[in-house]
Amino acid sequence: MQDLKVVEICSTIAGPACARLLADFGAEVTKVEPLQGDGARQMGFHVEDVSLYAASLMRGKRSVALDLKTPQGRDIALELIRRADILVENNRPGVMERLGLGYDTLAALNPRLIMVRISGYGQDGPYSDRPGYGAICEAFGGVRHMTGDPDRPPARVALATTDYLTAVYAAMGALVAVHERQRSGLGQVVDAALYETAFSQMESYVPTYEKTGFVPARVGPNLPTMAPNSLYPTGDGGWILIAANSDAVYGRLVALMQMPELLSDARFATIKARGIAANMKALDAHIGEWTSRHEGAALELLLRGAGVPTSRIYTIADIYQDPHYAARQMLLQVPHPKLGHTTQIGVVPRLSRTPGVVRHTGPDTGADTRRVLAELGLDDARIDQLMDRGTVAEPTR
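A. Fine view of the side chain of Thr365. Inspection of the secondary structure assignment puts Thr365 in the loop between β13 (340–345) and α17 (369–375). Residue Thr365 is classed as buried on the basis of its relative accessible area of 16%. A distance of 2.8 Å separates a polar atom in the side chain of Thr365 from a polar atom in the side chain of Arg41. For Thr365, the residues in contact, after removing those within four places along its chain, are Glu33, Pro34, Leu35, Gly37, Arg41, Ser63, Ala65, Glu394 and Pro395.

B. Spatial organisation of the sheet that holds strand β9 (residues 229–233). Strand order in the open sheet made by the 3 strands is β9-β10-β11, with antiparallel pairing throughout. Every interior strand has two partners, whereas the edge strands, β9 and β11 (310–312), have only one. Neighbour-to-neighbour, the strand axes of this sheet turn through a mean angle of 20°, independent of strand direction. Relative to strand β10 (residues 239–243), β9 is paired through 5 bridges, and the arrangement is antiparallel. Bridging from a neighbouring strand, Ser230 pairs with Ile242 of β10. Packing against the sheet, helix α13 (residues 277–291) makes contact with β9 and β10, and its axis sits at approximately 40° to β9. Helix α14 (residues 296–305) rests against β10 and β11 of the sheet, and its axis sits at about 170° to β11.

C. Here's a closer look at the nonpolar core. With 32 residues, the main nonpolar core has Val6, Cys18, Ile86, Val88, Ile114, Val116 and Ile118 as its most contacted residues. For this core, the secondary structure elements donating two or more residues are α1 (14–24), α2 (52–57), β6 (86–89), β7 (114–119), α7 (161–184) and β8 (189–193). Among the elements that take part in this core, α1 stands out by supplying 7 residues, more than any other. The next biggest cluster of nonpolar side chains, apart from the first, holds 28 residues, and it includes Val7, Leu80, Leu113 and Met387.

D. Spotlight on the packing of α1 against α7. Close contact between α1 and α7 brings their axes to 8 Å; oriented N to C, the two are set at 50°. Compared by their axis directions, α1 and α7 come out oblique. Here α1 and α7 pass one another in a crossing that is right-handed. Residues Ala14, Ala17, Cys18, Arg20, Leu21 and Leu22 of α1 pack against Asp163, Tyr164, Ala167, Val168, Ala170, Ala171 and Leu175 of α7. Split into classes, the residues belonging to the contact of α1 with α7 amount to 11 nonpolar, no polar and 2 charged.

E. Spatial organisation of the packing of helix α10 (residues 247–257) against α13. Contact geometry of α10 with α13 gives a least axis separation of 11 Å together with a crossing angle of 45°. One way to sum up the angle between α10 and α13 is to call them oblique. Of the two elements, α10 crosses α13, and the hand of that crossing is left-handed. For the pair α10 and α13, the contacting residues are Tyr250, Leu253, Leu256 and Met257 in the first and Leu283, His286, Ile287 and Trp290 in the second. The residue inventory of the contact of α10 with α13, partitioned by class, reads 7 nonpolar, 1 polar and no charged.

F. A look at the environment of Val357. In this fold, Val357 is placed in the loop between β13 and α17. Measuring from C-alpha to C-alpha, the distance between Val357 and Asp163 comes to 22 Å, with 194 residues separating the pair along the chain. Setting aside its immediate chain neighbours within four residues, Val357 contacts Ala23, Asp24 and Val347.

Rules behind the numbers
- Residues numbered from 1 in each chain as written.
- Predicted model: local features only at pLDDT ≥ 70, side-chain atom pairs only at ≥ 80, totals over all residues.
- Heavy atoms only, no water.
- Helix = DSSP H or I, 4+ residues; strand = E, 2+ residues; numbered from the N terminus.
- Buried < 20%, exposed > 50% of the residue type's maximum accessible area, 1.4 Å probe, protein only.
- Polar contact = N/O pair within 3.5 Å; in protein donor to acceptor, adjacent residues only side chain to side chain.
- Contact = heavy atoms within 4.5 Å.
- Pairing = 2+ DSSP bridges.
- Axes fitted to C-alpha atoms, helices over the stretch in contact; angles between N-to-C directions.
- Core = buried A, V, L, I, M, F, W, Y, C linked by side-chain atoms within 4.5 Å.
- Parallel < 35°, antiparallel > 145°, perpendicular 65-115°, else oblique.
- Left-handed = near helix turned anticlockwise from the far one by under 90°.
- Nonpolar A, V, L, I, M, F, W, Y, C, P; charged D, E, K, R; others polar.

Structural data, given as structure tokens:
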């Protein structure tokens, strides 16, 4: 994708994550951010005033600090977009139009432009003007209702799962549009809504509700209608996840447990029977009693030896010690000018012939302002003038 030029006008997570995916695979991504920097730079942990999150989320990109509310700033953005293949933005619907950067304006300037628009509720519809973060859209999309234990309020995963999944959908949409452009020569809008990303995970329940009226609810660590697939206690105070989703795997688990009665009992004899809530609870009790007699690491080896899918519940500390993560290059040490390096997640997915690569860490706000403006034809005197006016900025030396 080295031939693709991307402009990013985004903040926080979903949009920057989409552009980061494109950068990982070679696209030239120019991030346009306000003079004070993207709000993501204030998120997460900091070391020596360095945002560790920004070092990863903004990796492989160029940063231009630009005040889009000024005529000169808007003109610079328009020139960048005129030369671009893809524009990624995740502002609230209407913001880009008010800045003079709506799709109609941009398409007239650059008919080949693909504009990726990420928002909470989409670019149209009665709720399109509502502000929406990933967590809000998980609630609206039905996902939060199903997260957690049945006897407790809806829980949350302490990660931006909907933002990241939306980033993947948006990047996929952008590349589909690039492929279509080879035929038509025209760009288009990719409209990625956070709530639709969340809702897409409800795929199995949409036809079920319409035909049966079934409303799914929280089931804790279990997988609805499938057992055994849950967390079970270990003798050393930990937890292990066992997923015996097929009859063959279930048979291997029962043989390992030396409890043949779990095969002959009608409540547990078939996948359908094991998926009934009462039967699931009874089966989990038997398995939990067995797992609690073993330490986690030893139990994991036993289950793997029997061909039963399993894993202990890893922490980030466990991940750093695991040889598989190292072998698959999922913990990359990326050079950093101030910290020496930061360890970041590897490039996903892995391509056999044209793999992605992390070219450099996330830059400081405006680190590339002067170079990018020079590429647009501005000389040093003009750039200095824009700096003095507060239209653009670069890091303080």
